[in-house]
Amino acid sequence: MKKQSFFSMRLNGLSVIMMLILLCLTVFGVLSLVSANAELKLSQKNASHIASYAKCDQDAQKMLSEVYNAVQKSRSMSEIDEILGTDFAINQDDELVKINFNTPKIELISISVELTVDTAKKLSVTKYQINTTATISPNQTEIWQG
Amino acid sequence: MSSGSKSKAGIFLLEFTIVLLIFALSSIVSIRLFAKSAEIQATVSDTDQAVVYAQSVAELLKGCVGTDESIRQIVGQSNLMYFNQNQQICDKENAVFVISTDYKSNLLEFGSYVFGTINVSKGDALLYSLPFGGFYPPALEVIP
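Residues numbered from 1 in each chain as written. Chains lettered and ligands numbered in written order. Predicted model: local features only at pLDDT ≥ 70, side-chain atom pairs only at ≥ 80, totals over all residues. Heavy atoms only, no water.

**Quick notes on the overall build of chain A**
Here's step 1: Counting secondary structure elements, chain A contains two helices and four strands.
Here's step 2: Traced from its N-terminal end to its C-terminal end, chain A shows the element sequence α-α-β-β-β-β.
Here's step 3: Residues counted as buried form 34% of the 146 residues belonging to chain A.
Here's step 4: If you take every contact in chain A between residues at least 6 apart in sequence, the share linking residues at least 24 apart comes to 38%.
Here's step 5: Accessible surface computed for chain A: about 9,900 Å², of which carbon and sulfur atoms make up 59%. (Helix = DSSP H or I, 4+ residues; strand = E, 2+ residues; numbered from the N terminus. Buried < 20%, exposed > 50% of the residue type's maximum accessible area, 1.4 Å probe, protein only. Contact = heavy atoms within 4.5 Å. Areas by Shrake-Rupley, 256 points an atom, 1.4 Å probe, with all protein chains shown as cover.)

In structure tokens, the structure reads:
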């Protein structure tokens, strides 16, 4: 008769079920934690991006108020240029004056604004564009074509 | 015969106890993992909700005419807005989210510039803070 060792491993049905339950618990627990962490990072990134945009928008609105007031106060283009300073680009195009400015960059985001001033000193916002410096090259990104 | 049977029962009991111990320990770890992920999910949900609230208030402020009256119509007389879990405006007692708006109005020669911060909090914890600014001219034409 074959002699059985003292610490022989016996895998009965109960042990197998327990191991399976343990394995499932651990795997799903880790998966849920990883997924929750990824969602948290995405949420924080989104919140940070929105806050950066809002700060840029705040700056743009402030600069817009400066331009508006400068245009209303001044009598000539040179006077507007003198009041606004170097942060603003002013160009004369026929009877229209075009004023461009960019807000300071905040977390890779800035806003470029273009304004048109007519002879009646009426301002029109012709461009209010968000710029991001993070660029994605189409050659680098593989997009599934379907 | 009897001594061998007793020995086998003892080994089985020992083995079973060890298995139970390992199971209990691993279960504790796994349950803690689930609890932690549930906590993180709740934080994510609150942050997302706070961002939506702050953005909504900011957009409303940009759409108003910029006078103190029109701003107070949006942010409330005490600059505080209370929302319940169902995202509806409620009284202070039933509030889950509190939106407080700090703003300053600069009266310019032409128009006014209003700027400030929208803070969304839950309980005592500040969830999100969003800056806003708006220029309110006498008339400004926007070409789409």
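**Considering the packing of aromatic side chains**
All names here are of chain B.
Here's step 1: For the structure shown, the criterion picks out five aromatic pairs over all chains.
Here's step 2: Ring geometry for Y53 and F83: centres 4.5 Å apart, planes at 35°, overall tilted. Taken together, the residues Y53 in helix α1 (residues 2–63) and F83 in strand β1 (residues 80–83) connect sequence positions 30 residues apart.
Here's step 3: For Y53, a relative accessible area of 7% translates into the label buried. (Phe/Tyr/Trp six-rings, centres within 6.5 Å; stacked < 30°, edge-to-face > 60°.)

**Examining helix α2 (residues 68–75) of chain B**
Residues and elements named next belong to chain B.
Here's step 1: Three or more residues of α2 are buried, namely S70, I71, I74 and V75. What you see down the axis of α2 is that its buried residues fit within an arc of 120°, all on one side. Exposed side chains of α2 directed beyond 90 degrees from the buried face belong to E69 and Q73.
Here's step 2: Looking at the residues trailing α2, positive phi occurs at G76, about 90°. (Arc of directions from axis to C-beta.)

**A few points about the side chain of T101 of chain B**
Here's step 1: Position of T101 of chain B relative to the elements: it lies in strand β2 (residues 97–107).
Here's step 2: Those residues within four positions of T101 of chain B in sequence are excluded, and the remaining contacts are V57, L61, V75, N79, T117, I118 and F132 of chain B.

**Comments concerning the interface of chain A and chain B**
Note: interface size is frequently given as the accessible area lost on complex formation between the parts.
Here's step 1: Contacts between chain A and chain B engage 42 residues on the former and 45 residues on the latter.
Here's step 2: Our enumeration of links across chain A and chain B arrives at nine residue pairs in polar contact (both at pLDDT 80 or more).
Here's step 3: Listed by contribution, the elements that provide at least two residues to the side of chain A that touches chain B are α1 (13–73) and β4 (123–132) of chain A.
Here's step 4: When residues in the side of chain A that touches chain B are grouped by element, the largest group, 32 residues, is from α1 of chain A.
Here's step 5: Across the side of chain A that touches chain B, the residue classes tally to 19 nonpolar, 16 polar and seven charged. (Polar contact = N/O pair within 3.5 Å; in protein donor to acceptor, adjacent residues only side chain to side chain. Nonpolar A, V, L, I, M, F, W, Y, C, P; charged D, E, K, R; others polar.)

**Remarks on a nonpolar patch on the surface**
Here's step 1: A grouping of V16, L20, L23, V27, F28 and L31 of chain A together with F34 of chain B is seen on the molecular surface, where their side chains present a nonpolar patch of about 630 Å² in accessible area.
Here's step 2: Here the element with the most residues in the nonpolar patch is α1 of chain A; it accounts for six residues.
Here's step 3: Relative to the assigned elements, L20 of chain A resides in helix α1. (Patch = residues over 30% accessible without salt bridge, like charges linked within 9 Å, V, L, I, M, F, W, Y side chains within 5 Å. Salt bridge = Lys/Arg side-chain N within 4 Å of Asp/Glu carboxyl O.)

**With respect to the confidence of the model for chain B**
Here's step 1: Of the residues in chain B, 92% have a pLDDT of 70 or more, and the chain-wide mean is 87.
Here's step 2: Across the interfaces of the predicted complex, the ipTM metric reaches 0.81, alongside a pTM of 0.80. (pLDDT = per-residue confidence, 0-100.)

**Comments concerning the nonpolar core**
Here's step 1: Of all hydrophobic cores here, the largest spans 28 residues; its most connected members are L61, I99, I118, Y128 and L130 of chain B.
Here's step 2: Of all elements in the fold, only α1 of chain A together with α1, α2, β1, β2, β3 (112–122) and β4 (125–136) of chain B reach the threshold of two or more residues within this core.
Here's step 3: Examining the composition of this core, we find that seven residues originate from one element, α1 of chain B, more than from any other.
Here's step 4: In terms of nonpolar packing, the next biggest core, distinct from the first, is built from 23 residues, Y68, V71, V117 and L123 of chain A among them. (Core = buried A, V, L, I, M, F, W, Y, C linked by side-chain atoms within 4.5 Å.)

**What to know about the pairing of strand β2 (residues 96–102) of chain A**
Moving residue by residue along a regular strand, the side chains alternate between the two faces of the sheet.
Residue and element names in this part refer to chain A.
Here's step 1: Residues of β2 alternate between two faces, with V97, I99 and F101 buried on one and L96, K98, N100 and N102 left unburied on the opposite face.
Here's step 2: Between the antiparallel neighbours strand β1 (residues 88–93) and β2 lie two residues, among them D94 with a positive phi of about 55°.
Here's step 3: The pairing of β2 with strand β3 (residues 109–117) spans six bridges and is antiparallel. Bridge assignment links K98 to a residue of β3, and that residue is T116.
Here's step 4: Here β2 folds back onto β3 in antiparallel fashion, the turn holding six residues, of which E107 has a positive phi close to 50°. (Pairing = 2+ DSSP bridges.)

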